[in-house]
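# Tertiary structure, described
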Amino acid sequence: MSKLLFAAFNEGSSLSMSGHHEAAISAFDKVLAVDPKHFPALTGRGSSLAQLGRAEEALRCFERAIEVDPSAADPHRQAALCQLELGEPEAAAQLMGRATQLNPEPGYREAAAVEVYERGNALLTRGSRRPDKARYRLARYTFELALELSPAYVEAAKALSDVWENLGDTTQRDHYALLALRLRPAGS
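Now for a look at the structure at hand. (Residues numbered from 1 in each chain as written. Predicted model: local features only at pLDDT ≥ 70, side-chain atom pairs only at ≥ 80, totals over all residues. Heavy atoms only, no water.)

Glancing now at the overall build of the chain. Each helix and strand in the chain was counted, giving 10 helices and 0 strands. Starting at the N terminus, the α and β elements of the chain follow one another as α-α-α-α-α-α-α-α-α-α. Counting all 188 residues of the chain, 42% fall into the buried class. Partitioning the intrachain contacts of the chain with sequence separation of at least 6 by distance along the chain shows that 48% fall at a separation of at least 24. For the chain, the accessible surface area stands at approximately 10,100 Å², while carbon and sulfur atoms represent 52% of it. Treating the 22 positive side-chain charges of the chain as one cloud and the 25 negative ones as another, the clouds have centres 2 Å apart. (Helix = DSSP H or I, 4+ residues; strand = E, 2+ residues; numbered from the N terminus. Buried < 20%, exposed > 50% of the residue type's maximum accessible area, 1.4 Å probe, protein only. Contact = heavy atoms within 4.5 Å. Areas by Shrake-Rupley, 256 points an atom, 1.4 Å probe, with all protein chains shown as cover. Lys, Arg positive; Asp, Glu negative; His and termini not counted. Charge placed at Lys NZ, Arg CZ, Asp CG, Glu CD.)

Using the criterion set out here, one finds 3 aromatic pairs in the structure. With 5.4 Å between their ring centres and 45 degrees between their planes, Y117 and F143 make a pair best called tilted. Of this pair, Y117 sits in helix α7 (residues 106-125) while F143 sits in helix α8 (residues 133-149), and the two are 26 residues apart along the sequence. Considered together, Y117 and F143 belong to a single accessibility category, that of buried residues. Taking 5.3 Å as the distance between ring centres and 50 degrees as the angle between the ring planes, the aromatic pair formed by Y117 and Y153 counts as tilted. Linking Y117 in helix α7 with Y153 in the loop between α8 and α9 (154-167), this pair joins segments that are 36 residues apart in sequence. For the pair formed by Y117 and Y153, the shared burial category is buried. Taken together, Y117, F143 and Y153 form an aromatic cluster joined through their ring pairs. Of note, R77 hangs over the ring of Y108, and the distance from its end group to the ring centre comes to 4.6 Å. (Phe/Tyr/Trp six-rings, centres within 6.5 Å; stacked < 30°, edge-to-face > 60°. Lys NZ or Arg CZ within 6 Å of the ring centre and 35° of its normal.)

This brings us to the nonpolar core. Residues M96, V116, Y117, F143, L149 and Y153 are the most contacted members of the largest nonpolar core, which totals 37 residues. Taken together, the elements giving at least two residues each to this core come down to α4 (55-68), α5 (73-85), α6 (89-102), α7, α8 and α9. The leading source of residues in this core is α8, at 8 residues. In this structure, Y117 is in contact with F143, A146, Y153, E155, A156 and A159, ignoring residues within four places of it in sequence. (Core = buried A, V, L, I, M, F, W, Y, C linked by side-chain atoms within 4.5 Å.)

A few words on the side chain of T100. Residue placement: T100 occurs in helix α6. Apart from the residues lying within four places of it in its own chain, the contact partners of T100 are Y108, R109 and L149.

Note that all results are geometric; they support no functional claim without further evidence.
Shown next as structure tokens:
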């Protein structure tokens, strides 16, 4: 990699880490103009776009990164999170499944579960109006994915109980409330 390309990538990384995502995207674009398959620039650009709430554009970056290196777990995981933002839980589940196949470490799965849970929580707390049934249904799929990734995730089970309460299914509500109680560590 040339010194100029390396410098542009480092600039993009520094800008992204300091929260200057628009400027980071410009720096990553300089790298990608020279090397369109520069994997770190693709993922860096995607991450900055995601931070700016531009999930559709970010998804395209992560999909290109997957084409460049299909054996890398993180672009699959990041693409899955974008799919959740775009309201596509089935596509997200497939991508997340592939990510956890590529990186089967328990800590990776747990970290992914937390990120997925946070997306579900954001669905229910974002915006000034009360969530409608469609947002509760999407949150349900999101929390189910979090629980699938980490079957002992108490908060995901509690969230599912609350979602089912709002969807009007007391049987499912009670099931997940009981699951949350069973998952709770002894003494808490």
